[in-house]
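Chain by chain, the residues:
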Amino acid sequence: SMASPALLMRVVASAYSVAEKAATIVRNVMSAGDLGIVEKAGPNDLQTKADRLVQMSICASLARKFPKVTIIGEEELPTDNVTEDLIEDGHCEEILKKPCPAQYTGIKEEELVIWVDPLDGTKEYTEGLLDHVTVLIGIAYGGKAIAGVINQPYYNYEAGANAVLGRTIWGVLGMGAFGFQLAEAPAGKHIVVTTRSHSSALVNECITALNPDHVIRVGGAGNKIIQLIEGKASAYVFASPGCKKWDTCAPEAILHAVGGKITDIRGNSFQYNKEVKHMNSAGVLATLRNYDYYASRIPNTVKESLVP
């Protein structure tokens, strides 16, 4: 008889189904027409009914199955009294069939931290830029992002009435990443993807110093990592505080699973243990390939103005 799947693979398989349920909630809130928008810290920091319902769904569903795992979500919300219609109990069979990388077979529930961004790209969601939106579930062990799920609820939404909406990308360190076609940016081209709604003098100074051929401004950290792994951009550069651990955990695991690299602007790797501060206050630098090329061109003035 086969041994039962390792805990990590069970968590990832559940997170996959939980993310698909989340995508359905995101689409349903949008089609119902009442987004229930609340400003948190200001007009660029929004929360919608989708953020709230999705976070409750993800956190409650995973907590029910894995009660000793630490789950940290973006929104300050209660996790008790979550209605049954928000609970997703399923899992992806295909993921359970894959062998767990040897270094992770002995992990216990209490050693895992799950970082949840229920709706990454909320501002874009409210503005109808639906392809920017992702649902992020990142899984950390020993302070490192080791597995992640990125769901794009509106993938394909411009492909016509009969198109299948949405996709789920997932990955585990030491195994690879799945659900998309890995591609590298055109050789010799320096295409930088950066923030759309959180620009600043520092953000722009940093980009100018890289002398890019092209700059893409889009919402969402999940979306930006997808630009890297699908070869649409060669570097994701954000010289500013603002993004948080739940923005980077799932994307980091997927990027690292395919040989990419993500750090802060100063080259420090991110830590994801449950005690860590939530803000990535020294920004983000990520590439699928050629990390050193971009890292070496970040001006010292920019590095010095960002304190980890």
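Rules and cut-offs
- Residues numbered from 1 in each chain as written.
- Predicted model: local features only at pLDDT ≥ 70, side-chain atom pairs only at ≥ 80, totals over all residues.
- Heavy atoms only, no water.
- Helix = DSSP H or I, 4+ residues; strand = E, 2+ residues; numbered from the N terminus.
- Contact = heavy atoms within 4.5 Å.
- UniProt positions renumbered as here; feature names shortened; annotations may be inferred.
- 1 Å grid on protein atoms, 1.4 Å probe; cavity = no way out; pocket = protein on both sides within 12 Å on 5 of 7 lines; lining within 4 Å.
- Buried < 20%, exposed > 50% of the residue type's maximum accessible area, 1.4 Å probe, protein only.
- Points joined across faces, edges and corners; volume = space filled by probe spheres on them.
- Nonpolar A, V, L, I, M, F, W, Y, C, P; charged D, E, K, R; others polar.
- Domains from an automatic or database assignment.
- Salt bridge = Lys/Arg side-chain N within 4 Å of Asp/Glu carboxyl O.
- Pairing = 2+ DSSP bridges.
- Axes fitted to C-alpha atoms, helices over the stretch in contact; angles between N-to-C directions.
- Buried area = accessible area lost by both parts, 1.4 Å probe.
- Polar contact = N/O pair within 3.5 Å; in protein donor to acceptor, adjacent residues only side chain to side chain.

Section: the environment of Ala-295
Then, number 1: With respect to the helices, strands and loops of the structure, Ala-295 is situated in helix α8 (residues 291-295).
Then, number 2: A C-alpha to C-alpha distance of 8.0 Å links Ala-295 and Arg-266, two positions 29 residues apart in sequence.
Then, number 3: What Ala-295 contacts, discounting residues up to four positions off in sequence, is Leu-285 and Lys-303.

Remarks on the UniProt feature "binding site: Mg(2+)" (unreviewed entry) in the chain
Then, number 1: Feature annotation in UniProt places "binding site: Mg(2+)" (unreviewed entry) on Glu-74, Asp-117, Leu-119, Asp-120 and Asp-247, given in this structure's numbering. Spanning 174 residues, the named residues nonetheless gather at one spot, since no C-alpha pair among them exceeds 9.7 Å. Lining the largest pocket, from the residues named above, are Glu-74, Asp-117, Leu-119, Asp-120 and Asp-247.
Then, number 2: For Leu-119, the location among the structural elements is in strand β4 (residues 112-120).
Then, number 3: Residue Leu-119 is classed as buried on the basis of its relative accessible area, which comes to 1%.
Then, number 4: The residues touching Leu-119, leaving out its near neighbours within four places in the chain, are Val-26, Thr-48, Ala-50, Asp-51, Tyr-125, Val-133 and Thr-134.
Then, number 5: Mapped onto the fold, Asp-120 is located in strand β4.

Overview of the layout of surface pockets
Then, number 1: What the largest pocket holds in volume is close to 660 Å³.
Then, number 2: The wall of the largest pocket is formed by 36 residues, among which Glu-74, Asp-120, His-198, Gly-242 and Asp-247 lie closest to the centre.
Then, number 3: Among the secondary structure elements, those contributing two or more residues to the lining of the largest pocket are β2 (45-47), β3 (70-73), β4, α4 (122-126), α6 (221-229), β11 (235-238) and α7 (245-257).
Then, number 4: Taken together, the residues of the lining of the largest pocket break down into 10 nonpolar, 12 polar and 14 charged.
Then, number 5: Of the residues that make up the lining of the largest pocket, three or more belong to each of domain 1 (5-176) and domain 2 (189-303).
Then, number 6: Volume-wise, the second largest pocket comes out at about 200 Å³.
Then, number 7: Mapping the lining of the second largest pocket onto the domain boundaries places at least three of its residues in each of domain 1 (5-176) and domain 2 (189-303).

Here's the deal with the pattern of salt bridges
Then, number 1: One pass over the full model with this rule turns up 10 salt bridges.
Then, number 2: Its salt-bridge partner being Glu-184, residue Arg-289 comes within 3.0 Å of it at the nearest N-O pair. Of this pair, Arg-289 sits in the loop between β13 (284-287) and α8 while Glu-184 sits in the loop between β8 (176-178) and β9 (191-194), placing them 105 residues apart in sequence.
Then, number 3: Its relative accessible area of 28% is what places Arg-289 among the partly exposed residues.
Then, number 4: Through salt bridges with shared partners, a single network forms among Lys-40, Asp-45, Glu-74 and Glu-75.

Thoughts on the sheet that holds β8
Then, number 1: The mixed open sheet is built from 6 strands, whose spatial order is β3-β4-β5-β6-β7-β8. Single-partner strands in this sheet number two, and they are β3 and β8. Across the sheet, the axes of successive neighbouring strands diverge by a mean angle of 15°, strand direction being ignored.
Then, number 2: In this sheet, β4 lies alongside β3 in parallel orientation, the contact comprising 4 bridges. The residue bridging Ile-71 from the neighbouring strand is Ile-114, located in β4.
Then, number 3: Each of β3, β4, β5 (134-141), β6 (144-152), β7 (167-172) and β8 touches α7; the most contacted strand, β6, lies at about 100° to it.

Examining the domain arrangement of the chain
Then, number 1: Segmenting the chain into domains produces domain 1 (5-176) and domain 2 (189-303).
Then, number 2: Taken together, the contact pairs 39 residues of domain 1 with 30 residues of domain 2.
Then, number 3: Surface buried jointly by domain 1 and domain 2 totals about 2600 Å² across both partners, of which 63% is contributed by carbon and sulfur atoms.
Then, number 4: Contact with domain 2 buries surface across domain 1, with Trp-115, His-132 and Ala-145 losing the most and accounting together for 23% of the total.
Then, number 5: Inspection of the domain 1/domain 2 interface yields 3 salt bridges.
Then, number 6: Where domain 1 packs against domain 2, one counts 9 residue pairs in polar contact (both at pLDDT 80 or more).
Then, number 7: Secondary structure elements with two or more residues in the side of domain 1 that touches domain 2: β3, β4, α4, β5, β6 and β7.
Then, number 8: For the side of domain 1 that touches domain 2, the element with the most residues is β6, which contributes 8 residues.
Then, number 9: Considered class by class, the residues forming the side of domain 1 that touches domain 2 number 18 nonpolar, 12 polar and 9 charged.

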